[in-house]
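The primary structure of each chain is shown beneath.
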Amino acid sequence: MKKNMIKLAVGAAALLVMATSAQAGYTMKKKVGDVDTKLTIFGFSQLEMRGGDGAANGKGDNDSAVSFHAQRIRLGWKYSAGKVRSKVFLDFNQDSAANKTTDAGGASGIGVPDNIKDAFIAYRFDKAFIPKMGVIKMPHGMGFTMPGWNLDIAERGFDKKLVLERNMGLMISGRDIGFGNYAKVSGYEMGHERPWKGFGYDVMIANQAGRSAAVINAKEGNGNSYAARVMFDWTELIHVEASYALSENAGGVKGQTTYKYDPVTGTTPGTVLAADTEDYTSYDIGLDSNFLNGGNFKAEYISGHNVRGIKDSDETALSFTAQYAINNMFEPTVKMIRGSETSGTNADTHNLVNTYFGLNIFISPFNDKMNRSSKRSRNAQKVVLNYIMASGDTDTWKPTAGGGYRANAWIMQWQAKF
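Worth saying up front: this structure is predicted, and the values here are computed from it rather than measured.

A word on the overall build of the protein chain
In terms of helices and strands, the protein chain carries 2 helices and 19 strands. Relative to its full complement of 418 residues, the protein chain shows a buried share of 50%. Partitioning the intrachain contacts of the protein chain with sequence separation of at least 6 by distance along the chain shows that 63% fall at a separation of at least 24.

A closer look at the nonpolar core
By size, the foremost hydrophobic cluster in this structure holds 43 residues, and its most contacted members are Tyr280 and Tyr405. Counting residues per element, the ones that place at least two in this core are strand S5 (116-123), strand S6 (130-137), strand S8 (197-207), strand S17 (349-362), strand S18 (381-392) and strand S19 (409-417). When residues of this core are assigned to their parent elements, the largest contribution, 3 residues, is made by S18. With sequence-adjacent residues up to four places away left out, Tyr405 is seen in contact with Arg50, Gly54, Gly58, Glu155, Leu352, Asn354, Tyr356, Ile388, Ala390 and Ile411. Judged by nonpolar contacts, the second largest core, of 5 residues, contains Leu90, Ile110, Ile116 and Val135.

Here we look at the pattern of salt bridges
Overall, the coordinates contain 16 salt bridges when judged by the stated rule. In this structure, Asp118 and Arg166 form a salt bridge, with 2.9 Å as the shortest nitrogen-oxygen distance. Residue Asp118 is located in strand S5, and its partner Arg166 is located in strand S7 (residues 166-178); the two are separated by 48 residues in the primary sequence. Summarising the burial analysis for this pair, Asp118 and Arg166 share the class buried. Across the salt bridge formed by Lys375 and Glu331, the nearest N and O atoms sit 3.3 Å from each other. With Lys375 in helix H2 (residues 372-378) and Glu331 in strand S16 (residues 330-342), this residue pair connects regions lying 44 residues apart in the sequence.

Comments concerning the side chain of Lys298
Inspection of the secondary structure puts Lys298 in strand S14 (residues 295-305). For Lys298, the side chain forms a polar contact with the side chain of Asn296, separated by 2.5 Å. If we skip the residues at most four places from it in the chain, Lys298 touches Met142, Met146, Asp152, Leu287, Asp288, Ser319, Phe320, Thr321 and Gln323.

Conventions we followed
- Residues numbered from 1 in each chain as written.
- Predicted model: local features only at pLDDT ≥ 70, side-chain atom pairs only at ≥ 80, totals over all residues.
- Heavy atoms only, no water.
- Helix = DSSP H or I, 4+ residues; strand = E, 2+ residues; numbered from the N terminus.
- Buried < 20%, exposed > 50% of the residue type's maximum accessible area, 1.4 Å probe, protein only.
- Contact = heavy atoms within 4.5 Å.
- Core = buried A, V, L, I, M, F, W, Y, C linked by side-chain atoms within 4.5 Å.
- Salt bridge = Lys/Arg side-chain N within 4 Å of Asp/Glu carboxyl O.
- Polar contact = N/O pair within 3.5 Å; in protein donor to acceptor, adjacent residues only side chain to side chain.

If you want it as structure tokens, here you go:
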């Protein structure tokens, strides 16, 4: 697999060289018959230095003074031909297999190797009706459907554990509906990438959501997952959305053999599930507002029920984000995530709070504009400084889906995107 990844990287680099010489922006355009085609190469990397007691695993037992880490190293391309759209996005920092199962098609069981982040084909009939099929972010979780290079802090928080993640399936979307044509709708959208004016929606059916931390023992053909989202935008001033999602048999299906690699023996022993497990359900509501020519406020609540198929194992996460761009280089940011978890009927409820105090430094700003679209451009090259303060039930926090810092930590991340 690694050899194939190296070959792919070399081929992509060659394409990038050709694109650079052909046209600025790493894009090649060509007319084939009467059809206009366009190929765009893109990618980004996020390299990090971490420290503090909670840095290694969030549990407060980090021994090293400082550790180095790559959160994402990704390369991809988009291709359009008339109204047809396609996208492939790969992560070179992630293996194609992990320790969930040994089934072919990726460890998560959604049907493709796990290092494939996006791989879909779409057709843009018009802005209100765009079907997509392939590996796509399920339309569930406002923060999760923001691109990884456009985050407010250095990472996604533990609230991400409750969404359905990426999956292989069919999604139908629409944006900018009801108030004319305010902004571009390209057909590649997965969230609220642009400030529109009007309504938007997504509906999706897919395999079991095996990439979600709330779902385990997934396998294509053993069940489905579903998600639906509605949203409303009024320029950059306001974005609101609500979504509901379900993944069948979130702990596995009766009679299914599950596997987990044992690093001590070097074997992969199997166990057979005795009974079908519960469906995982979750709902999410989110608000995003850009104001004061550089200010941004976000709020999001997500609630998960029957986590990993365990009846009445529930988790919630409430987050608030506030930031203000002082100028085109410095943006102080604070994000607070408060989580709660109940492991079963009549069980105690435990709470955890992670508060990120951050500073985003845009080291190569393209302009002095402070609107939302310009911020996306400034995020291409930035340094992120975060200090994470853990509070609450740090000694007893053991959520089924996992995640969260139980001790203080800090992160310095350097991001570059093209």
